[in-house]
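# Observations on the model geometry
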Amino acid sequence: MKITKLSIPLLFTVVLAGCITAPAGPAGPQGATGDTGATGNQGNTGNTGNTGNTGRAGSTGATGDTGATGYTGATGDAGATGNTGATGNTGATGNTGNTGNTGAKGNTGAKGSSPSTIVVVPAQ
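These numbers were taken from a predicted model, which means no experiment stands behind them.

## A few points about the overall build of the protein
- From N to C terminus, the protein includes one helix and zero strands.
- A total of 124 residues make up the protein; the buried ones form 1% of that total.
- For the protein, restricting intrachain contacts to residue pairs at least 6 apart in sequence, the fraction spanning at least 24 positions comes to 82%.
- As displayed, the protein offers around 12000 Å² of accessible surface, 53% of which is attributable to carbon and sulfur atoms.

Right, dumping it as structure tokens:
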């Protein structure tokens, strides 16, 4: 296969273009912070105990009952969690370079001629 002198720079440009990739996409926006829950209402104050009765001639009156304890206010609900920002897009993958051409096949050596007489030399 023959390669012209003009096709070599074109092939080099195509190979280098496959090595360049686009940068990653930008980070997504941050989610909004959730609202704070409302504060619970304060419990009612307990009732005051009744005053003890006056005793007869020197007796001490009975002690009044203790008032009921007020209820604790309800706890406010927690705010909702903000949404997570979107993930940026992944950059494009570069193209694979072209495969090089196979080299030309070498020529086979010339065939030798066969002599008509064979000489055998004994080993020494």
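## Considering the environment of A32
- In this structure, A32 sits in the segment after α1 (7-17).
- Not counting residues within four places of it along the chain, the set of residues in contact with A32 comprises G82 and N83.

## Description of the environment of G64
- Assignment of secondary structure puts G64 in the segment after α1.
- The sequence separation of G64 and T51 amounts to 13 residues, and the corresponding C-alpha distance is 5.2 Å.

Cut-off values and rules
Residues numbered from 1 in each chain as written. Predicted model: local features only at pLDDT ≥ 70, side-chain atom pairs only at ≥ 80, totals over all residues. Heavy atoms only, no water. Helix = DSSP H or I, 4+ residues; strand = E, 2+ residues; numbered from the N terminus. Buried < 20%, exposed > 50% of the residue type's maximum accessible area, 1.4 Å probe, protein only. Contact = heavy atoms within 4.5 Å. Areas by Shrake-Rupley, 256 points an atom, 1.4 Å probe, with all protein chains shown as cover.

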